[in-house]
Every structure is written in structure tokens, then in C-alpha cells.
Amino acid sequence: MSPHAPPPLPRFDRTLLRAVEKVVPAAARAEWLRTWQAELWHTHHRRGARRLSAADLSFGLMCDALWLRAESWRVAFGGTAVLCLATLAALCVFSGVLTLAMAGGWRPLWPHLAGQLQHFIFAAPLVTFVSFGTASHLQASPSFTGRAIYRIRRGLFLAAKTALTLLLSFLLSVNLCMPLHAFLPATSDLLQILFFVIFALMALRWVFADQEQRCQQCLRALSSPARVGRPTYNLLEWNGTEQVCKQGHGLLSVPEMESSWRQSSQWVDLAPTWDQPASV
Amino acid sequence: MNSSPRLSHSAALILKALSLGYCFGLDVMEVTGLPSGTVYPALRRLERDELVESRWEPEEEAAAKQRPARRYYEVTRAGKTAALAATQRYPLLARLLPEKRS
């Protein structure tokens, strides 16, 4: 031990730190460990009105480690296409389990569901067609490299999101009408179709709005909306909102109103060197 | 337009403690009476939101006193504005915490 080194921590503290440090993301682990070694050391050598023990801090260091882990996940997955699809899939599973529980098992559910599925297979393409027909589309910029890959990924994401949303709307409508089915089967069937169409139209509206507000390259949700232009200068320049991709892939300009300046939302790619100072 | 973020009562209390000169996690725990499970994650959140910033004590200074260097927190300019707004929102906050004796 060097003459200036502080005395080591008690065994309990060292074991606790070793156990909890595995929760902390690797990039932040060294600093977390240094912080908590210091905090625990000062807890034992503290002269104050209220003496704190290592046990007082153990919950804090666990919460701190969990916060860092959750934050790293939030940064890594927040707004991503994977998170969006996983959330929709989880909601579908939850609704499916609820349907099974309400019916009291798979066997009594199937005859009821078979009839509803026929309605679903007929109504879902019609609802999707109407929603696709009325949705606004982005003017995709043809400038970025590898655009075919991005277009395929965007298309696959939209297809997966649409399928999951339709399934979720169907399951929700089934759950809603199932209690009525025992007393009024015909009314229940009619209401189920009606609810499905309403839910699906609303959900698909969200699907298109969400699709539009995602980066065209990485499919992350865009952020930092900023107002651009002034409504009173509408004849001289466009006005609306701009949102950017956090990864720096591009920005989306959404006009406040349709004008000759900008008729619909426009995606602008940023060059990979957009955040570097311009060379003179 | 008021652009300072709306803080929870605990976060406002912690920010107020930091702005009064209590700059270490343990000091904040002691003066606010909040548990460590509230104080340390709140400090992380405040730092992420750029209301406080953390620094390390100089290593030589700590080594001379035969103790490990500690991480301390300082309120940023945005944090001072947020603390002021929080004091207006929670008027009793100013009376809860004593100023740190230097």
C-alpha cells in the first residue's frame, strides 16, 4: 500500500460492489466503481450529525446501476423500429392471452374465432386499401447512396407494422364484443366488424403518421421539432416544422399548409460530414 | 415562454440543496433526508438534463488527506433557472433546507 493510499473498504462493501457492477454498462463501469468506492469510503469515515451506514447506500448504488443500465437501453433502443415492432407484438400477445382467458380456453374460443376470422380476412384488405389510398406520402429524396436497401427496409417495416396493427385491432374488437356474444350473437358479430373497422382505420392512420416521422435510413423516430418560417410570410417563403434524425442522417420538413413552396413533407439527406466545420 | 423543465418535488429538493452548496451525494442525502435510492438516480437524471454537472476532486488533494477523490456536483446556469422556477412552484422548499456553512 502506498503511503498516500486510503485504507481499503470492508469486505461487505467490496462484495456488494463486485456483485452490482455487472449490472452497469461496460462503458460506464469504471467511473461508477470509482464513484461508489469513494462514497462508501466517506460513509465509513464521516463525521456528521447523522451517521450513514453502508446499508443506507446499498439501495442507492443498486438503483444507480439500474438507472445506468436502463438509460443505456433507452439510448440504444429508444425510438427504433425494433422497439416499435416489439411493443406492438407484445400488445398482440397480451390481447391474445386476454381473449383466451375470456373464452376459457382454446377449444371454446375456436368456433367463435373462426367466424370472426372470415370477417377479418374480408375487411382487413379493404381497410388497408382505403388507408393507403388516403395517406399522404413523402417525397423521397433520390440522392442518398444505397437507397434501394433503405426503401426495402422501410417497406418491410411498414408491412410488419401494418400487419401487427391490424391483428391488434382485430383482437381488441373480439375482446370487446365477446361478453355480448353469449346473449346476442348476431348483434355481437355486427358490432365486432364495426369496431374492427374503426380501430383499424385509427391505428393505420397512426401507422402512416409514425412512418412519416421516422428517419428514412435508420428508421428511428425523428426528434427536436423546430418551427421554421413565419405564417404571415407564406407568399414569400415556406413555413412549417423541421425534425431531425438523432444519428444525423437527415431532416424532415413538414409544411404548415400546402403551398407552391412545399406541397408535402420533404426528406432532406445530410452529408456524412454535416457536423464537421466547413473547410475554407 | 417558460422553458425550464418541470421537476418533481424530490428533484427540486435535490437541485435546491445543490444550489445551496451541498455538492456531494452524501451531503444531499443528509440535508434533504431523502434515501440514497432517490438521490443518486435523481442526480443522474439532473446531469443528463444538463441541470447539474459533475466533476472529480483533484487526485493530489484527496491523496494528501489519505482519502479517495470524490465526485461533486455543481448546478449549471439552466439548473439555476430551474431551481428558481421550482422554488416558485414549491414555496416551502426554500424554508426546508438551511444554507451550507462554509
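For the structure itself, look to the data block above.
Every chain is numbered independently, its residues counted from 1 as its sequence is written. Each chain gets a letter, beginning with A, and each ligand a number, beginning with 1, in the order they are written. Restriction of local features to residues with pLDDT of at least 70 applies here, the model being predicted, together with a cutoff of 80 or more for giving and counting side-chain atom pairs; totals for whole chains, interfaces and linings are based on all residues. Computation of side-chain values: all heavy atoms of the structure, hydrogens and water removed.

## With respect to helix 6 (residues 147–181) of chain A
For step 1, the next point in the chain: By definition, any uninterrupted DSSP run of H or I lasting at least four residues is a helix, any uninterrupted run of E lasting at least two residues is a strand, and each is numbered from the N terminus. One less than the residue count of a helix, multiplied by 1.5 Å, gives the span that helix is expected to have. The terminal C-alpha atoms of helix 6 of chain A, which comprises 35 residues, lie 50 Å apart, in line with the 51 Å expected from a rise of 1.5 Å per residue.
For step 2, the next point in the chain: For a residue, the bend is simply the angle between two axes, fitted respectively to the seven-residue segment ending there and the seven-residue segment starting there. For helix 6 of chain A, the principal kink sits at Asn175(A) and spans about 30°; a proline, Pro179(A), occurs within the next four residues.

## Digging into the sheet that holds strand 4 (residues 266–269) of chain A
Sheet strands pair by backbone hydrogen bonding; their relative direction is either parallel or antiparallel.
All names here are of chain A.
For step 1, the next point in the chain: Strands were regarded as paired on the criterion that DSSP finds at least two bridges between them. The strand order across the open sheet built from four strands is 1-2-3-4, with neighbouring strands paired in antiparallel fashion. What marks the edges here is a single partner per strand, and that holds for strand 1 (223–228) and strand 4. The mean angle between the axes of side-by-side strands here comes to 25°, regardless of whether they run parallel or antiparallel.
For step 2, the next point in the chain: Examined bridge by bridge, strand 3 (residues 250–255) and strand 4 share four bridges and lie antiparallel to one another. Its bridge partner lying in strand 4, Ser 253 is registered against Gln 266. A fitted line through C-alpha atoms represents every axis, and for helices the fit uses only the stretch in contact; the resulting angles, taken between N-to-C directions, go from 0 to 180 degrees.

## Points about the pattern of salt bridges
For step 1, the next point in the chain: What makes a salt bridge here is a side-chain nitrogen of Lys or Arg within 4 Å of a carboxyl oxygen of Asp or Glu, nothing more. In total, this model carries 13 salt bridges over all chains according to the counting rule given.
For step 2, the next point in the chain: Taking the shortest distance from any N to any O, the salt bridge between Arg71(B) and Glu31(A) comes out at 3.7 Å. Of this pair, Arg71(B) sits in strand 2 (residues 71–75) while Glu31(A) sits in helix 2 (residues 26–44), on two different chains.
For step 3, the next point in the chain: Residue Arg71(B) is classed as buried on the basis of its relative accessible area of 7%.
For step 4, the next point in the chain: Using a 1.4 Å probe on the protein chains alone, a residue whose accessible area is under 20% of its type maximum counts as buried, one over 50% counts as exposed, and one in between counts as partly exposed. Classification of Glu31(A) by relative accessible area gives partly exposed; the value is 38%.

## A short note on the packing of helix 5 (residues 106–134) of chain A against helix 7 (residues 185–212) of chain A
All names here are of chain A.
For step 1, the next point in the chain: The N-to-C vectors of helix 5 and helix 7 enclose an angle of 35°; their axes lie 10 Å apart at closest approach. Handedness of the helix 5/helix 7 crossing: right-handed. Counting all contacts with helix 5, which are made through Gln 116, His 119, Phe 120, Ala 123, Ala 124, Val 127, Thr 128, Ser 131 and Phe 132, the residues of helix 7 involved are Asp 189, Gln 192, Ile 193, Phe 196, Val 197, Ala 200, Leu 201, Leu 204 and Phe 208.
For step 2, the next point in the chain: Note on residue categories: nonpolar means Ala, Val, Leu, Ile, Met, Phe, Trp, Tyr, Cys or Pro, charged means Asp, Glu, Lys or Arg, and polar means any other residue, Gly included. Per-class residue counts for the contact of helix 5 with helix 7 are twelve nonpolar, five polar and one charged. Whether a crossing is left-handed or right-handed is set by the direction in which the near helix is turned from the far one by less than a right angle, anticlockwise for left-handed and clockwise for right-handed. Two residues form a contact once any of their heavy atoms are found within 4.5 Å.

## A short note on a nonpolar patch on the surface
Residues and elements named next belong to chain A.
For step 1, the next point in the chain: For patch building, the residue pool is restricted to those with more than 30% relative accessible area and no salt bridge; the joining distance is 9 Å between like charges and 5 Å between nonpolar side chains (Val, Leu, Ile, Met, Phe, Trp, Tyr). Calculation of accessible area relied on Shrake-Rupley with a 1.4 Å probe; when residues are assessed, cover is drawn exclusively from the protein chains displayed. A cluster of nonpolar side chains, contributed by Trp 73, Phe 77 and Leu 83, occupies part of the molecular surface with about 320 Å² of accessible area.
For step 2, the next point in the chain: Tracing the backbone shows Leu 83 in helix 4 (residues 81–103).
For step 3, the next point in the chain: A relative accessible area of 39% places Leu 83 in the partly exposed class.

## Concerning the nonpolar core
For step 1, the next point in the chain: Formed by 44 residues in total, the largest nonpolar core has its most connected members in Trp32(A), Leu7(B), Ile14(B) and Leu15(B).
For step 2, the next point in the chain: Taken together, the elements giving at least two residues each to this core come down to helix 1 (11–20), helix 2 and helix 3 (54–77) of chain A together with helix 1 (9–19), helix 2 (25–32), helix 3 (36–48), strand 2 and helix 5 (77–89) of chain B.
For step 3, the next point in the chain: Broken down by element, the residue count for this core peaks at seven residues, all from helix 1 of chain B.
For step 4, the next point in the chain: With near-sequence residues (within four places) excluded, Leu7(B) lies in contact with Ala12(B), Leu15(B), Leu46(B), Leu51(B), Ala82(B), Ala86(B), Arg89(B) and Tyr90(B).
For step 5, the next point in the chain: If you look at the next biggest cluster of nonpolar residues, it comprises 18 residues, including Ala124(A), Leu158(A), Ala200(A) and Leu204(A). Here, nonpolar core refers to any group of buried Ala, Val, Leu, Ile, Met, Phe, Trp, Tyr and Cys residues whose side-chain atoms link them within 4.5 Å.

## A look at the side chain of Thr35(A)
For step 1, the next point in the chain: Mapped onto the elements, Thr35(A) comes out in helix 2.
For step 2, the next point in the chain: The definition of a polar contact used here is a pair of N or O atoms within 3.5 Å, where within protein one atom must be able to donate a hydrogen and the other to accept one, and adjacent residues in sequence count solely through side-chain atom pairs. Here the side chain of Thr35(A) touches Glu31(A) through a polar contact of 2.7 Å, landing on its backbone oxygen.
For step 3, the next point in the chain: Here Arg71(B) takes part through its side chain, which lies 3.1 Å from a polar atom of the side chain of Thr35(A).
For step 4, the next point in the chain: When residues no more than four places from it in sequence are discounted, the contact partners of Thr35(A) are Trp56(B) and Arg71(B).

## Regarding the packing of aromatic side chains
Residue and element names in this part refer to chain A.
For step 1, the next point in the chain: In this scheme Phe, Tyr and Trp rings, the latter by its six-membered ring, pair at centre separations within 6.5 Å, and the angle between planes marks the pair as stacked below 30 degrees, edge-to-face above 60, and tilted otherwise. Counted by the stated rule, this structure contains seven aromatic pairs over all chains.
For step 2, the next point in the chain: Their ring planes at 25° and their centres at 5.8 Å tell us that Trp 106 and Trp 110 sit as a pair that is stacked. Of the two residues, Trp 106 and Trp 110 both sit in helix 5, four residues apart, roughly one turn of that helix.
For step 3, the next point in the chain: Judged by its relative accessible area of 41%, Trp 110 is partly exposed.

## Points about the state of the cysteines
As used here, a disulfide is simply a covalent bond connecting the sulfur atoms of two cysteines.
Residue and element names in this part refer to chain A.
For step 1, the next point in the chain: A pair of cysteine sulfur atoms is labelled a disulfide when the two atoms are within 2.5 Å. On inspection of all chains with the given rule, the structure shows zero disulfides over all chains.
For step 2, the next point in the chain: Here Cys 245 stays unpaired: no disulfide links it, and the sulfur of Cys 215, its closest cysteine neighbor, is 3.6 Å away.
For step 3, the next point in the chain: Here Cys 245 falls in the buried class, since its relative accessible area comes to 5%.

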